[in-house]
Amino acid sequence: MFPTGLQAGSGLFHLPMATFAKKAGGPPTKKAESAVKTESKKVKPAKKEQTDDSEPVAPKKAAAKKGKKEEEKLPPPVYKLYTLKFNSPILPFAKFPLTQNKYI
Amino acid sequence: MTRIIGVHFPNNSNQQAQDCVGIEIEIAKKNNITVVESNSHKRYKVKSYDEVTNFCMAEDFDDTGSASFMPTDADKTKDLLMSELFELKNLWFVFNKKMNSILTILPAEVLNRYDMVAKTLQTPVFDVTRYTPSSTTPGIDPLVPEVTFQETFDEIVYKMAQYYFSVFQAIFAKDNDSVRPSIADFL
């Protein structure tokens, strides 16, 4: 199996600048700080919703929907495979011992 | 060697490689004969193909959509598939019987070819117990990879389809020079 993390558009090249700044060890920029602040602000209301017992079903549904959306957003894994071309359609579990008979 | 897929492009054109569905295959050499075989039900959809290197980028492909009509209960699913398997086995016998009776009217050249091909093909095994144990079976060997009953059912269906596909391809292939004149004469 071939790892496909280096594929363009697979997400590796779309890291936010804040993470680059942190990893590089350099001082975080203002934009990065503001991004972190906004993220923390966004997280807080969600925690409140989870702790609220008045409507236990709705938040769960929302969380489930979010989970589904995240799963849908994830691109399917892409493999690099050597290709053998056949003159005719080929089915799984096919066996070709008759190579002398123009099967392939 | 890397993983290999076998795939058919429409009109054998590399330009139409995108979105073609291929299967994982293995190539081995036995007694100086190249054997190509597939041992997996997995299929892959080609996203891009490089005709220089013969490598393609592909992703998993599954269009069975079994969840829409199959029962959610595992036991009910197994019952339904067992019933379908029984019907499939009956169909196999009936179809072979009819085909044998119909083929007798074809030219001897075609009949000989059918005999030769039918003898070399592996017939599908309909007995589920002869396949890898199901994951639902208790006490299975942990070293044996777990296979669901539905995957076993799919394997039998694929093998049955492959059998007839190979037979008809060998007999009626348009590039089969030895059979084509016989068919033309017969028609």
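Just so it is clear, the structure is predicted and the values come from calculations on it, not from any experiment.

> Explain the overall build of chain B here, please?
Helix and strand counts for chain B come out as 4 helices and 5 strands. Secondary structure of chain B in N-to-C order comes out as β-β-β-β-β-α-α-α-α. The 187 residues of chain B split such that 17% are buried. Residue pairs in contact within chain B that sit at least 24 positions apart in sequence constitute 50% of those at least 6 positions apart.

> Any chance you could explain the overall build of chain A here in plain terms?
A tally of regular secondary structure across chain A gives 3 helices and 2 strands. In sequence order, the secondary structure elements of chain A are arranged as α-α-α-β-β. Counting only residues that meet the buried cut, chain A has 11% of its 104 residues in that class.

> Is there a simple way to explain the confidence of the model for chain B in this structure?
Here chain B averages 80 in pLDDT, while 79% of its residues score no lower than 70. Model confidence for chain B, summarised as mean pLDDT per element, is weakest for helix α4 (residues 180–186) of chain B at 67 and strongest for strand β4 (residues 43–50) of chain B at 93.

> Got a minute to help me understand helix α1 (residues 74–103) of chain B in this structure?
Three- or four-residue spacings in an α-helix give side chains the same orientation, since the helix completes a turn every 3.6 residues. In a regular helix each residue adds 1.5 Å, so 30 residues correspond to 44 Å; α1 of chain B covers 42 Å between its end C-alpha atoms and thus fits that length. Burial analysis of α1 of chain B places just 1 of its 30 residues in the buried class, a small minority of the element.

> What am I meant to see in the interface of chain A and chain B here?
When the parts come together, some accessible area is lost, and that loss is often what is quoted as the size of the interface. On the side of chain B, 44 residues touch chain A, which itself brings 27 residues to the contact. Of all the secondary-structure elements, those providing two or more residues to the side of chain A that touches chain B are β1 (78–85) and β2 (95–96) of chain A. For the side of chain A that touches chain B, the element with the highest residue contribution is β1 of chain A, accounting for 8 residues. Residues belonging to the side of chain A that touches chain B are distributed by class as follows: 18 nonpolar, 5 polar and 4 charged. Examined bridge by bridge, β1 of chain A and strand β1 (residues 4–7) of chain B share 4 bridges and lie parallel to one another. Within β1 of chain B, the position partnered with Lys85 of chain A by the bridge is Val7 of chain B.

> I'm lost on the environment of Gln150 of chain B in this one. Help?
All names here are of chain B. Mapped onto the elements of the fold, Gln150 is located in helix α3 (residues 149–172). Under the C-beta neighbour-count criterion, Gln150 is labelled partly exposed, with 18 such atoms within 10 Å. Through-space distance from the C-alpha of Gln150 to that of Leu81 is 7.3 Å; in sequence the pair is 69 residues apart.

> I would appreciate a short explanation of the nonpolar core in the present structure.
Nonpolar side chains in soluble globular proteins generally cluster together in the buried interior. With 20 residues, the main nonpolar core has Leu81 of chain A together with Ile5, Tyr44, Val46, Cys56 and Ala58 of chain B as its most contacted residues. Looking at this core, the elements that each hand over two or more residues are β1 of chain A together with β1, β2 (21–30), β4 and β5 (55–61) of chain B. Core analysis: the second largest hydrophobic core is formed by 6 residues, Phe149, Phe153, Met160 and Tyr163 of chain B among them.

> Quick question: what am I supposed to make of unusual backbone geometry here?
Negative phi values dominate among residues other than glycine, just as trans dominates among peptide bonds. Residue and element names in this part refer to chain B. Phi is positive for Asn11, which is not a glycine, with a value near 60 degrees. With respect to the helices, strands and loops of the structure, Asn11 is situated in the loop between β1 and β2. Its 7 C-beta neighbours within 10 Å are what place Asn11 among the exposed residues. Despite not being glycine, Asn12 shows a phi value in the positive range, around 55 degrees. Judged by local crowding, Asn12 falls into the exposed class, with 11 C-beta atoms found within 10 Å.

> Please clarify how the pairing of strand β3 (residues 33–37) of chain B should be interpreted in this entry.
Put simply, side chains in a regular strand alternate between the two faces of the sheet. Across 2 bridges, β2 of chain A lies against β3 of chain B in antiparallel orientation. Its bridge partner being in β3 of chain B, Lys95 of chain A is matched across the sheet by Glu37 of chain B. Of the pairings in the sheet, the one linking β2 of chain B to β3 of chain B comprises 5 bridges and is antiparallel in character. Within β3 of chain B, the position partnered with Lys30 of chain B by the bridge is Ile33 of chain B. Counting the residues that bridge the hairpin from β2 of chain B to β3 of chain B gives 2 residues, and of these Asn31 of chain B lies at a positive phi of roughly 55 degrees.

> Quick question: what am I supposed to make of the confidence of the model for chain A here?
The predicted coordinates ought not to be read in detail in places where the model reports low pLDDT. All names here are of chain A. Per-residue pLDDT for chain A has a mean of 55; in total, 22% of the residues score no lower than 70. The least confident element of chain A is helix α1 (residues 17–24), whose mean pLDDT is 41; the most confident is β1, at 91. In the predicted structure, residues 35–59 sits below a pLDDT of 50 and forms 5 contacts with residues beyond four places in sequence or in another chain. This stretch, residues 99–104, has a pLDDT under 50; its non-local contacts, to residues over four places away or in other chains, come to 13 contacts.

About the criteria used
- Residues numbered from 1 in each chain as written.
- Chains lettered and ligands numbered in written order.
- Predicted model: local features only at pLDDT ≥ 70, side-chain atom pairs only at ≥ 80, totals over all residues.
- Helix = DSSP H or I, 4+ residues; strand = E, 2+ residues; numbered from the N terminus.
- Buried ≥ 20, exposed ≤ 12 C-beta atoms within 10 Å, placed from the backbone.
- Contact = placed C-beta atoms within 7 Å.
- pLDDT = per-residue confidence, 0-100.
- Expected span 1.5 Å × (residues − 1).
- Nonpolar A, V, L, I, M, F, W, Y, C, P; charged D, E, K, R; others polar.
- Pairing = 2+ DSSP bridges.
- Core = buried A, V, L, I, M, F, W, Y, C linked by C-beta atoms within 7 Å.

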